[in-house]
Amino acid sequence: MLFALLIGIEELGHDHVKTLQMLALALPFQLVLLLPIANPRYFTARTVLVCVVLASFLFDSILRYFIYQAYQAAPESSLVLSAVANTTPQESIEFIASFTKPIITLLALGLLTLGLLIILVKAASASAIRPYPTQFRSKGIFPFLIIAIAISTLAYASKPWRKLHPLSFWPRTATNAIELRESWHDLGKKRLQEFNFAQTLKPTITHEESSTLVLVISDSLNRDNMSTHGYARNTTPRLAALSQSLRQDMINFRYAWSTQAATLASLDSLFNLATKEGQTVHLLALAKAAGYHISWIGNHDGQAIEQAHARFADHLVMLNKIPGRDSTSSDSSTHQPLAAALQQPHQRKLVVVHMLGAHPQYKMRYPNSAAIYTNANDGVTQAMKKQGRSKWLIEKRNEYDAALRHHDDQIVKTFEITREALHTTKHGTWIFVSDHGQEVGHTREHAGHSASTAAGYRIPSFIWSKQALAPSAPNIANRPFRLDWLGWTILSQLAIEWTEQQTHKDILREEYRFENPQLGIPIKSFSK
């Protein structure tokens with residue numbers, strides 16, 4: 001019975017192969033119960049030891065299951081480690097609050113299973129009075145015991161298997177997260193090295209006129225939930241009207257994709273450009289080396305983001321002073337700093353505006369007065385009911401769509417500020433993208449980041465430029481777009497040429513050649 005319980009426990013958090021490995025690692029603590037112990041203290045100590053160790057296997061499996069449901073990734077993956085390392089204690093509390101229901105459910109399951117585990121351990125424990133359970137009194141059982149001991153020995157002899165043991169795995173994973181966080185404390189030396197490397201690539205500007213580019217990076221926007229892309233709810237009316245009225249100068253890329261499903265990894269892929277020799281150069285370092293003045297306006301708190309990217313800027317404004325999912329810092333707070341950055345007396349300016357967008361929790365991204373889809377019973381709701389989505393998930397979709405509708409005003413305002421500031425400038429560009437998408441009941445019962453479904457990667461992408469886009473805009477809009485290649489388009493719009501030019505990755509170029517990114521999940525078509 002005890003072994004059968006452990007099989008069920010391990011199947012919850014592991015695939016079939018790792019389940020067998022975990023069972024082999026847990027086997028010695030079941031075999032030791034067969035040894036008769038006369039001393040009551042030793043008997044009790046053994047019972048406690050076995051219960052503690054097997055309980056670690058239980059909660060290991062439950063925690064792995066929860067992490068996979070939340071992130072679609074293993075606990076030791078860079079995605080999870082980066083998220084943990086970049087999380088404050090306050091945000092941890094907020095994260096738990098946003099997953100209250102599944103956490104309570106899994107905790108109740110864990111406690112009930114723990115109780116059953118303790119009962120079974122006591123029942124299986126041999127003592128001087130009860131030497132061993134009845135089923136082991138036959139001599140025919142000893143070959144099986146020898147095989148079990150051999151399997152256990154092999155399991156602990158294998159380093160990859162030993163690393164899976166909960167009492168080894170979790171302390172090591174926690175240490176890795178702590179070390180990762182500490183490595184972010186100050187990356188100043190690394191940034192200087194990257195800037196020096198960028199200078200060796202000899203970036204030059206091909207014209208003498210003034211030039212400005214504004215890059216607006218939002219968070220967690222899925223284009224499938226935007227009316228600019230055909231969504232049933234009118235979530236982006238102002239952006240739709242804007243792109244329609246400026247269709248000769250603004251491109252709405254219909255099929256835009258991020259190659260990462262989380263913020264840190266997405267920004268890394270966007271800003272770090274691979275050279276032909278396999279090295280990487282930071283986009284901001286390259287622009288700075290060419291002579292651009294860089295401003296970073298951030299409403300998205302995060303030590304890793306600030307150290308790895310934002311501090312390349314000559315002018316840095318970090319607005320969000322309350323990190324975490326429950327932060328109510330409005331993206332409208334970026335508008336005044338954006339206007340100020342565009343008025344700075346520099347001939348060439350690159351301004352990055354990093355917004356919270358629809359970052360969970362969704363309901364914290366808009367005021368109560370903007371909760372326009374609460375208890376909606378429209379076509380979207382009916383379609384989700386037909387899919388069998390829960391009431392909770394339908395409400396999350398309503399909150400998400402309300403966040404997008406509110407965000408629509410904030411995005412369009414950044415464009416209006418940019419266009420007004422550039423009315424006398426010959427070379428000017430405004431780019432709006434999201435770092436990654438969001439799964440909110442599109443393909444499964446889940447609300448949040450998703451590395452296992454296409455919804456986690458589907459993003460919006462808009463480019464407006466004072467340079468002529470009209471002749472080829474209709475065809476370009478249908479080209480599949482990769483966020484990790486956007487840097488090449490930005491360099492082109494900045495009129496920067498350098499020794500590692502890769503124009504086939506610039507979506508505005510005639511020679512653009514799209515290559516399917518490796519997302520780790522099957523995608524039927526990147527033109528959908």
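What you are looking at is a predicted structure, and each value in this text was computed from that prediction instead of being measured.

## Focus on the overall build of the chain
1) Next: On a plain count of helices and strands, the chain comes out with 20 helices and 16 strands.
2) Next: For the C-alpha atoms alone, the extent of the chain along its principal axes is close to 95 × 60 × 40 Å.
3) Next: Surface accessibility of the chain: about 23,800 Å² in total, with carbon and sulfur atoms responsible for 59%.
4) Next: Where the 52 positive side-chain charges of the chain centre and where its 41 negative ones centre are 7 Å apart.

## Remarks on the packing of aromatic side chains
Two descriptors summarise a pair of aromatic rings, namely the distance from one centre to the other and the angle between the planes of the rings.
1) Next: Counting across every chain of the model gives 14 aromatic pairs.
2) Next: With centroids separated by 5.0 Å and ring planes inclined at 70 degrees, the aromatic side chains of W257 and F526 adopt a geometry described as edge-to-face. Placement of W257 in strand β4 (residues 256-257) and of F526 in the segment after β16 (496-497) is noted, with a sequence separation of 269 residues between them.
3) Next: Among the residues examined, W257 registers a relative accessible area of 1% and is labelled buried.
4) Next: On the basis of relative accessible area, F526 is assigned to the buried category, the value being 7%.
5) Next: The rings of W257, W485, Y512, F514 and F526 are connected pair by pair, giving a single aromatic cluster.
6) Next: Of note, R64 hangs over the ring of F169, and the distance from its end group to the ring centre comes to 4.2 Å.

## Quick look at the packing of helix α1 (residues 2-13) against helix α4 (residues 40-71)
1) Next: One can describe the packing of α1 onto α4 by two numbers: an axis separation of 7 Å at closest approach and a directional angle of 30 degrees. Between α1 and α4, the interaxial angle falls into the category roughly parallel. The interaxial crossing formed by α1 with α4 has left-handed handedness. In this structure, α1 uses L2, L6, I9, E10, L12 and G13 to contact α4, whose residues at the interface are L54, F57, L58, S61, I62, R64 and Y65.
2) Next: Its residues assigned to classes, the contact of α1 with α4 comprises nine nonpolar, two polar and two charged.

## Re the pairing of strand β10 (residues 427-434)
1) Next: For β10, the buried fraction is high: eight of the eight residues fall into the buried class.
2) Next: Alternating positions in β10 separate into two faces, H427, T429, I431 and V433 on one and G428, W430, F432 and S434 on the other, with burial throughout.
3) Next: Two elements, strand β2 (residues 211-218) and β10, share eight bridges in a ladder whose sense is parallel. The residue of β10 that forms the bridge with V216 is F432.

Rules of the game
Residues numbered from 1 in each chain as written. Predicted model: local features only at pLDDT ≥ 70, side-chain atom pairs only at ≥ 80, totals over all residues. Heavy atoms only, no water. Helix = DSSP H or I, 4+ residues; strand = E, 2+ residues; numbered from the N terminus. Areas by Shrake-Rupley, 256 points an atom, 1.4 Å probe, with all protein chains shown as cover. Lys, Arg positive; Asp, Glu negative; His and termini not counted. Charge placed at Lys NZ, Arg CZ, Asp CG, Glu CD. Phe/Tyr/Trp six-rings, centres within 6.5 Å; stacked < 30°, edge-to-face > 60°. Buried < 20%, exposed > 50% of the residue type's maximum accessible area, 1.4 Å probe, protein only. Lys NZ or Arg CZ within 6 Å of the ring centre and 35° of its normal. Axes fitted to C-alpha atoms, helices over the stretch in contact; angles between N-to-C directions. Parallel < 35°, antiparallel > 145°, perpendicular 65-115°, else oblique. Left-handed = near helix turned anticlockwise from the far one by under 90°. Contact = heavy atoms within 4.5 Å. Nonpolar A, V, L, I, M, F, W, Y, C, P; charged D, E, K, R; others polar. Pairing = 2+ DSSP bridges.

Keep in mind these values describe shape, not function.
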